[in-house]
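# Geometric and topological summary
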Amino acid sequence: MSPTLAGILDAAARGHFPPPDGGTTVVPQPGHRNAGVIAFTAHSVVFTDEDPQWVRDTLASLDCDALAATMNPRFLAALLERTGRSTDTIDLLTVASALPGEPPLELRELADPGHPRVSRARERRDDVRVWAAEGGVVVLGRGVAGRWETAVDVDEDVRHRGLGRALATAARHLVPDGRPVWSQQAAGNARSVRAFQAAGYRPVGAEALLTAS
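The shown structure was predicted, so the numbers you read here are calculated from the model rather than taken from an experiment.

## Some remarks on the pairing of strand S9 (residues 148-154)
Most of S9 is tucked away: six of the seven residues are buried. Judged from the seven bridges that link them, strand S8 (residues 136-142) and S9 form a sheet pairing that is antiparallel. Directly across from Gly141, in S9, lies its bridge partner Glu149. Between S8 and S9, which pair antiparallel one after the other, the connecting turn spans five residues, and Ala145 there sits at a positive phi close to 55°.

Structure, rendered in structure tokens:
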């Protein structure tokens, strides 16, 4: 049976990754909204409805380290042009297991939030739910291949007090059905990277999402 992105992600959440053989696996998009690339250790997954042979030919044409080819700007630019999609950045992709019990801080669910982080989440995720704490919010929703994803936002005047870590930890308590919870952090956002890793999120790879315009 051919692999699917959902199957690859489920395995990665359990600590089982594609073989570090320098290869590239091309799988269909899990839906119209998302195409992109995930680079694991020495193996990449390109999820697109474009011709897999075009993907492989384009990668082979690059004058760069083969292990870095799928995240090379020239490949991503070619994929963006071919698909007519857009992207923001290459993120660090992290995952954590669910935790039992109540979150470690007081939260209130927002029924109709207007927070910019929430508006952005609803553009890219389904079944979005949002909780607020004093000075921040935590967002949960179904993203790429139906995985549960979280994002947090902390007000500038309450930073450096551990709230980001507490909100990221809260998502592990809030995720339904004991499922793993995923999150992306821009590689340059060191505060976010530190907060999520302190909350128990494990780095699994790099991800570039291509969204429909």
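Here the narrative resumes, following the displayed structure.
## Points about the pairing of strand S2 (residues 34-40)
Among the seven residues that make up S2, seven are buried, leaving the element largely enclosed by the rest of the structure. Side chains Asn34, Gly36, Ile38 and Phe40 of S2 all project onto a buried face; the interleaved residues Ala35, Val37 and Ala39 project onto the opposite face, where all are buried too. Of the strand pairs in this sheet, S2 and strand S11 (residues 202-212) are connected by six bridges, and their pairing is antiparallel. Residue Val37 lies in a different strand from S11, and its bridge partner there is Ala208.

## Looking at the nonpolar core
Residues Val138, Leu167 and Tyr201 are the most contacted members of the largest nonpolar core, which totals 21 residues. Taken together, the elements giving at least two residues each to this core come down to strand S7 (126-133), S8, S9 and helix H5 (163-174). Here this core gets six residues from one element, more than from any other, and that element is H5. Those residues in contact with Val138, other than ones at most four positions away along the chain, are Leu107, Arg129, Val130, Trp131, Thr150, Ala151, Val152, Leu167, Ala171 and Leu174.

Rules used throughout
- Residues numbered from 1 in each chain as written.
- Predicted model: local features only at pLDDT ≥ 70, side-chain atom pairs only at ≥ 80, totals over all residues.
- Heavy atoms only, no water.
- Buried < 20%, exposed > 50% of the residue type's maximum accessible area, 1.4 Å probe, protein only.
- Helix = DSSP H or I, 4+ residues; strand = E, 2+ residues; numbered from the N terminus.
- Pairing = 2+ DSSP bridges.
- Core = buried A, V, L, I, M, F, W, Y, C linked by side-chain atoms within 4.5 Å.
- Contact = heavy atoms within 4.5 Å.

So far we have only geometry, and geometry alone does not tell us how the molecule works.
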